[in-house]
Amino acid sequence: MSGLTARAVEILRYGPTDGWHVGSGYLVGRRWVLTAAHNVVDAETLLVRRVDGAERPAEAVAVDEARDLAMLAVTGDFAPDDLPPVRFARVDRSRTGEVGPCWATGFPRWKERRLESADIRQRDSAQLKGVIPTGSNLRTNLLELRVSSMPRSAGGRGVSEWQGMSGSVVLAQDGSDEFAVGVVTEHHVPEGVSVLTVAPLDTWADTMRDTPWGRELGLGNLVRLPRPPGPRPPSSGHVNLRRSLPDFTDRDEAVAKARTLLTERLTETCPLVVLHGMAGVGKTELANELAHRLASTFTYARIRVDVAATATADAAMVEVLAAFGLSGDRLPRDPGQRRREFQKRLRQGPSLLLLDNVSEARQAAPLLPETPGTAVVVTSRTTLASLDGADRLRLDPLPDPEGLRLFERIVGADVVERDRTSVREIVVLLAGLPLAIRIAAAHLVMRRTSPARYLSRLQDETRRISRLQGEDRGVRSSFELSYRSLRPETARLFRRLGVLAGRDFTAELVARTGDVDDEDAERMLGELTDRHLVEVAGEDRYRLHDLLRLYARERMEAEESDSARQEAFRRSLDWYGDVLHEWMSRPGAHEQPPADAIAWFADESLNVQASLRAAAEAGEDRLVVRIAESLYGLFFYRAHWEGMEAIKTLAVQSARRVGDAPAELGSLIHLAEARRLLGRGTEAPPLYERALEVVRTMDDPGKEAWVLVHFGDFQCDLDQAERALDLYAEAQAIYRGRDDAAGEIWLAAHIADAYRQLDRHADAARVVEQAMALSERRGDRDEVVWCAWHLALAYEGLGRFADAEAVLRPAADYHREIENKAGLATMLCILGSVHRHAGRPSDARRAYSEALDLLIEIDAPTRAAEVRQILADLPEED
């Protein structure tokens, strides 16, 4: 499966009216298949079949009918986990020429054969070879693949020999690399068999680059083909650039943008481009490579000066003049004369000035040219917002696929192939930082150690940055320059960000953690963002690069006391606890969390889980218990069972360590519930047994009855209704002994559920009728409604549909009256079930439809999906 040709797949589409259709596609990632949109639209069933005959279901995750492109996600194990993604490229239509050689593998009709044992016809593969002329089909923005290989006749006038090739991905070779440039969409028979129409991937990739799979496939970093010819030697020799790195990797999009900005209006103005980004991201490398690639434009001079290494702008100007050959006695002594000579030299021919490592705008301003024909590239760790007239390009860490390619170019493909899994994990730990990747790769080469062994060393977070140190450069020293430029209060805030365990954070959390007010936190985050020590992750959301997080922790440990670090960490946890408590302490919040809490949890779920894991490791057990208690309703509402299990496991352990019996009891019940919902019911009984042990130490019979009822409910879930009735009987004895009528009414519904599971619907009805009479005597409407909907279920089981409807209607009206949308949705779903079993599909559809609207309104996606399926299965009226 690692071979490029073996990635070609058949797309099998079954339509509701026209049976099976066969097209082609290409496995561009471990589970991602690229094909033509018309291969998948209106499909009831989609299958993807490999060349070895293995088939898997697939679903379309993006369908662009206008461009005729679609991305499919294949379910199950379809390809090896370490299958690298295909590289993508855009075809440069601005220059005449050809892209190629190109090839595509697909499954045309003329390669078709029918298997005796299968209803689906099978086709063998065909490989096309050809080239793409850059100047064809400009008006339609399509590509033209001129094929040099010819098919066998498909037969039939007007029938395309290439039918079935649509969806094949066209790859272009460039040196030793191959890139996907387009997808075959159709073949016009009148054009002959040698021309196929291809949809380019560039604008589609720009649209999809920020999707999860787009980031995985590296769609934001397209190479431009055909590559420009190698730089011509400069005509003057005024060049002092660093050498061009042979392993320079995958900054094609940034190079293309910078090239356009620097050359498009060169004769009219003095282009100025600021390349900015965090320390170690490769700004200098990119600027240097860009200067080499623009040799044919800037024929007079290409000069680099390290501004950070010069004391003043005048000193930097002296270095530039030296590169022009003016030094010693030839160098003007008067500063004014030097400035005039500097501008004069820049006017003598097309020149590119590279001002490296600029920290403030005032360092660069005196070095800018005054007349058109000279361009300037500035590299900086800040945006240099006060530098007027600049175009700014932000340089981000490499996506994992590009980081892996850079690593491979340094250590060699054979090293990577021997242990691709370990190499990929190394690259992930380095979070795409080119400096770190280069140092790590160099260590692997020099020390001749295995990737697995080096990975084991990097996994120690406390020493990771120390291990990323080369002979003359290191990640720590690179970060140090940015850190030391901060104001003291901003540096202190940056250090304290290292205690945050989540991936991203808000300014409000930062304010609490740093013990500053909200306004100061916003201001300091702006400073950190400008210096690329913090990244903007969304509206009022920020994040730290993984290695910067470790560096912040280092500075915290080196410059502040253990107690200060612990207090900062506790403040961050208290923020989570206070925010959650404010929402989830409201009445009914665990059954129907407030909308603000639901929206907040969508952003903070992973962060709060990471914080609780860190709190448990740090022994902050009381904070773990407090926060975990407030999370139950949100986990349940969003059906995050894995998260609920992980957090409640921590909560049980923490509550036990601090001797908080009520907290341990509640977490045990929630943990058992999570494991049941995860399909691991056999792990739950010991948790309930432990819960009974805990509750019996609390001298709280009502709570003991509550545990017994929950244990009984779990037995019902395991189809052990008889055992459940035994537990309910113990609980009932406790309620009666305490003269707890409310407890008995609540329990009656659970007993009825067990009877219904045993098909003893009459017993279920009897129990709830008794409870309902008691609740009516007590005059408690909530209790009456509770009994009503469980009585309706019992009546439904007895076929007493009219009686079921009669008790449900007042219950539904009550929920409308108190505006309980979740409760009303439940009543309507039961009413819909009654109508459905009574043979009234139209009435059932009305009830379910209203319930669905309510579930969508309160954002209950799991329940909404269940109701949608019921509606889809309802028969139509005659």
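Described in the following lines is the structure provided in the data block. As the structure is a computational prediction, the values presented were derived from the model and not from experiment. (Residues numbered from 1 in each chain as written. Predicted model: local features only at pLDDT ≥ 70, side-chain atom pairs only at ≥ 80, totals over all residues. Heavy atoms only, no water.)

Moving on, we get to the overall build of the protein. What the protein contains, in helices and strands, is 33 helices and 25 strands. In terms of principal-axis extent, the alpha carbons of the protein reach across some 110 × 85 × 50 Å. The buried share of the protein, taken over its 878 residues, is 52%. Here the protein has roughly 39100 Å² of accessible surface; of this, 46% comes from carbon and sulfur atoms. (Helix = DSSP H or I, 4+ residues; strand = E, 2+ residues; numbered from the N terminus. Buried < 20%, exposed > 50% of the residue type's maximum accessible area, 1.4 Å probe, protein only. Areas by Shrake-Rupley, 256 points an atom, 1.4 Å probe, with all protein chains shown as cover.)

With that out of the way, let us pick up the packing of aromatic side chains. Taken as a whole, this structure holds 17 aromatic pairs when the rule is applied. Ring centres of tryptophan 575 and tyrosine 576 lie 5.1 Å apart, and the angle between their planes is 70°; on these two criteria the pair is classed as edge-to-face. Classification of tyrosine 576 by relative accessible area gives buried; the value is 2%. In textbook terms, an aromatic cluster arises when at least three aromatic residues are bridged by ring pairs, as seen for Phe479, Tyr483, Phe494 and Tyr551. Across the ring face of tryptophan 706, the terminal group of lysine 703 is positioned such that the distance to the ring centre comes to 5.0 Å. (Phe/Tyr/Trp six-rings, centres within 6.5 Å; stacked < 30°, edge-to-face > 60°. Lys NZ or Arg CZ within 6 Å of the ring centre and 35° of its normal.)

Phe407, Leu468, Phe479, Phe494, Phe505 and Leu631 are the most contacted members of the largest nonpolar core, which totals 109 residues. Of the residues forming this core, the biggest block, nine residues, is contributed by helix α19 (residues 562–584). In this view, leucine 631 contacts Leu580, Phe601, Val608, Leu612 and Ile647; residues no more than four positions away in its chain are not counted. Ala672, Tyr688, Val707 and Ala721 belong to the second-largest nonpolar core, a separate cluster that totals 80 residues. (Core = buried A, V, L, I, M, F, W, Y, C linked by side-chain atoms within 4.5 Å. Contact = heavy atoms within 4.5 Å.)

This next bit is on the state of the cysteines. Using the criterion set out here, one finds zero disulfides in the structure. Take cysteine 716: it sits in no disulfide, and the sulfur closest to it among the cysteines is that of cysteine 787, at 17 Å. (Disulfide = S-S within 2.5 Å.)

A word on the side chain of serine 605. By the secondary structure assignment, serine 605 is in helix α20 (residues 595–617). Note on serine 605: relative accessible area 7%, which makes it buried. Each residue touching serine 605, except ones within four places of it in the same chain, is listed here: Phe635 and His640.

For the pair helix α25 (residues 701–717) and helix α27 (residues 741–757), the least separation of the axes is 11 Å and the interaxial angle reads 20°. Classed by the angle they form, the pair α25 and α27 counts as roughly parallel. Both α25 and α27 take part in a crossing whose hand is left-handed. In contact with Trp706, Val709, Asp713 and Cys716 of α25, α27 contributes Trp746, Leu747, His750, Ala754 and Gln757. Of the residues belonging to the contact of α25 with α27, the class tally is six nonpolar, two polar and one charged. (Axes fitted to C-alpha atoms, helices over the stretch in contact; angles between N-to-C directions. Parallel < 35°, antiparallel > 145°, perpendicular 65-115°, else oblique. Left-handed = near helix turned anticlockwise from the far one by under 90°. Nonpolar A, V, L, I, M, F, W, Y, C, P; charged D, E, K, R; others polar.)

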